[in-house]
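# Examination of the molecular architecture
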Amino acid sequence: MNLRTMPVMVDRPLGGPGLGRETTLILHIKATFNNTLLTLTNSQGQVLTWASAGSCGFKGARKGTPFAAKKVVEIFIKKSSDYLLRCQQIQICVCGVGPGRENALRGCIRSVRETLQQDKKKKKKKSGKPQSGHKITLIREVTKLPHNGCRPPKKRRL
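Here the residue index of a chain counts from 1 through its sequence in written order. Since the coordinates come from a predicted model, pLDDT governs what is reported: local features require at least 70, and pairs of side-chain atoms require 80 or more to be given and counted, while whole-chain, interface and lining totals use all residues. Note that water and hydrogens are dropped before the side-chain values are worked out from all heavy atoms of the structure.

### What about the pairing of strand β2 (residues 36-42)?
Test applied: Note on classification: 1.4 Å probe, protein chains only; a residue is buried when its accessible area is under 20% of the maximum for its type, exposed when over 50%, partly exposed between these limits. Strands here mean DSSP runs of E at least two residues long; helices mean DSSP runs of H or I at least four residues long; both are numbered from the N terminus. Two strands pair under a simple rule: DSSP has to find at least two bridges between them.
In terms of residue burial, β2 counts as a mostly covered element, since 5 of its 7 residues are buried. Pairing of strand β1 (residues 24-31) with β2, which is carried by 7 bridges, proceeds in the antiparallel orientation. Paired with L27 across the bridge in β2 is L40. Here 5 bridges tie β2 to strand β3 (residues 47-52), and the two strands are oriented antiparallel to one another. Each residue of the ladder has a partner; that of T41, found in β3, is V47. Counted between consecutive antiparallel strands, the loop separating β2 from β3 contains 4 residues, among which G45 sits at a positive phi close to 95°.

### What to know about the packing of aromatic side chains
Operational definition: Side-chain rings of Phe, Tyr and Trp, where Trp is taken by its six-membered ring, are said to pair if the distance between their centres is within 6.5 Å; with planes under 30 degrees apart they count as stacked, over 60 as edge-to-face, and otherwise as tilted. We call a charge positioned over a ring when the NZ of a Lys or the CZ of an Arg lies within 6 Å of the ring centre and within 35 degrees of the ring normal.
Tallied over the full model, the rule gives 1 aromatic pair. On the basis of an interplanar angle of 85° and a centroid distance of 6.1 Å, the ring pair of F58 and F67 is categorised as edge-to-face. Above the plane of the ring of W50 lies K79, whose end atom (NZ or CZ) is 5.3 Å from the centre.

### Quick word on unusual backbone geometry
Even without being a glycine, N148 presents a positive backbone phi close to 55°. Here N148 shows up in the segment after β5 (135-141). For N148, a relative accessible area of 76% gives the class exposed.

### Focus: the nonpolar core
Side chains of nonpolar character tend, in soluble globular proteins, to be buried together. Cut-off, in case you're wondering: Residues grouped as a nonpolar core are buried Ala, Val, Leu, Ile, Met, Phe, Trp, Tyr and Cys residues, joined through side-chain atoms within 4.5 Å. The contact definition used throughout considers only heavy atoms, calling two residues in contact when any of these lie within 4.5 Å.
By size, the foremost hydrophobic cluster in this structure holds 27 residues, and its most contacted members are L25, I29, L38, L40, F76, L84 and I92. Broken down by secondary-structure element, the contributors of at least two residues to this core are β1, β2, β3, α1 (66-86), β4 (89-95) and α2 (101-127). Of all the elements, α1 adds the most residues to this core, at 8 residues. For F76, the contacting residues outside a window of four places in its chain are L27, L38, T39, L40, T49, W50 and A51.

Here it is in structure tokens:
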């Protein structure tokens, strides 16, 4: 593929039909041994924005580190702050057992709270009364577990 025929990934515009009225957003965190992915979707599963360690500039083995997960969260929050300020509820789904899992989860919770608190302060100064309703309502573990599915390879004989 040359550069002219390569498809370009573009985030959805904020002004799309129905995207401004979302009350529930789902934040998917996928932490594998090789990468950390963050995806923001609406309640129907349509992707609004995403970020990964690879898209943040990390290459090779460094994509799976906890430090890379922190940087992914920072960039993701910058990209998705408009969506997070418009919604009423945020659900978090965590998948995978990678090394960046805990850092990504803690960073997301902390960053979402800080973003929402800053917005509340701005609205309070404008209207004189505090605004409420922004919450993380659910943190769900969705990692798949095998129930002794595949047969292991036979033992090695020396």
